[in-house]
Amino acid sequence: MARDSRGKSAELLTVRQVLDELGGISRRTFYRWRELRLAPPCIRLPNGELRVRRDVLNDWLEERAEGAAS
């Protein structure tokens, strides 16, 4: 587990978990969003795999909610 800025454990999600959380979008769509800098910020592990912190994904989703304040 990673630690957030307050020292608490932050859940790290795999790309597959993120895809499932987003309603089953395709891996290709996710990586396209990354190319366009539209995807949630990711952490690249030393083995090359990507992870997304749960709190970062939640914030990213909240920012995209319809009617959200800009």
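Everything discussed here concerns the structure shown above.
Quantities reported herein were computed from a predicted structural model and do not represent experimental measurements.

Q: Describe the sheet that holds strand β5 (residues 50-53), listing the residues and the values that go with them.
A: The strands that make up a sheet pair up through hydrogen bonds in the backbone, lying either parallel or antiparallel. The antiparallel open sheet is built from three strands, whose spatial order is β3-β5-β4. Both edges of this open sheet fall to β3 (12-14) and β4 (43-44), since each of them pairs with a single strand only. Here β3 runs beside β5; their pairing, made up of three bridges, is antiparallel. Looking across to β5, one finds that Leu12 is bridged to Arg53. Against the sheet, helix α3 (residues 54-63) touches β3 and β5, its axis set at about 70 degrees to β5.

Q: Which residues make up the pattern of salt bridges, and what values go with them?
A: Applying the stated criterion across every chain, the model contains seven salt bridges. Between Arg53 and Asp55 there is a salt bridge, with its nearest N and O atoms 2.5 Å apart. With its nearest N and O atoms 3.3 Å apart, the salt bridge here joins Glu63 to Arg64. Looking at Arg64, the relative accessible area reads 43%, which means it is partly exposed. Salt bridges sharing partners connect three or more residues here, namely Glu11, Glu21 and Arg54.

Q: Would you mind going over the packing of aromatic side chains in detail, with residue names and values included?
A: According to the stated counting rule, one finds two aromatic pairs in the structure shown. With a centroid separation of 5.6 Å and 85 degrees between ring planes, the pair formed by Phe30 and Tyr31 is classed as edge-to-face. Overall, Phe30 belongs to the buried group, its relative accessible area being 0%. Ring centres of Trp33 and Trp60 lie 6.0 Å apart, and the angle between their planes is 45 degrees; this geometry places the pair in the tilted category. Separated by 27 residues along the polypeptide, Trp33 in helix α2 (residues 27-35) and Trp60 in helix α3 bring together distant segments of the chain. Judged by its relative accessible area of 25%, Trp33 is partly exposed.

Q: Any chance you could break down the environment of Leu19 for me, citing the residues and the numbers?
A: Here Leu19 is to be found in helix α1 (residues 15-21). For the pair formed by Leu19 and Phe30, sequence separation is eleven residues and the distance between their alpha carbons is 7.5 Å. Non-local contacts of Leu19, meaning those with residues more than four positions away in its chain, are made with Gly24, Ile25, Ser26, Arg27 and Phe30.

The rules behind each value
- Residues numbered from 1 in each chain as written.
- Predicted model: local features only at pLDDT ≥ 70, side-chain atom pairs only at ≥ 80, totals over all residues.
- Heavy atoms only, no water.
- Pairing = 2+ DSSP bridges.
- Helix = DSSP H or I, 4+ residues; strand = E, 2+ residues; numbered from the N terminus.
- Contact = heavy atoms within 4.5 Å.
- Axes fitted to C-alpha atoms, helices over the stretch in contact; angles between N-to-C directions.
- Salt bridge = Lys/Arg side-chain N within 4 Å of Asp/Glu carboxyl O.
- Buried < 20%, exposed > 50% of the residue type's maximum accessible area, 1.4 Å probe, protein only.
- Phe/Tyr/Trp six-rings, centres within 6.5 Å; stacked < 30°, edge-to-face > 60°.

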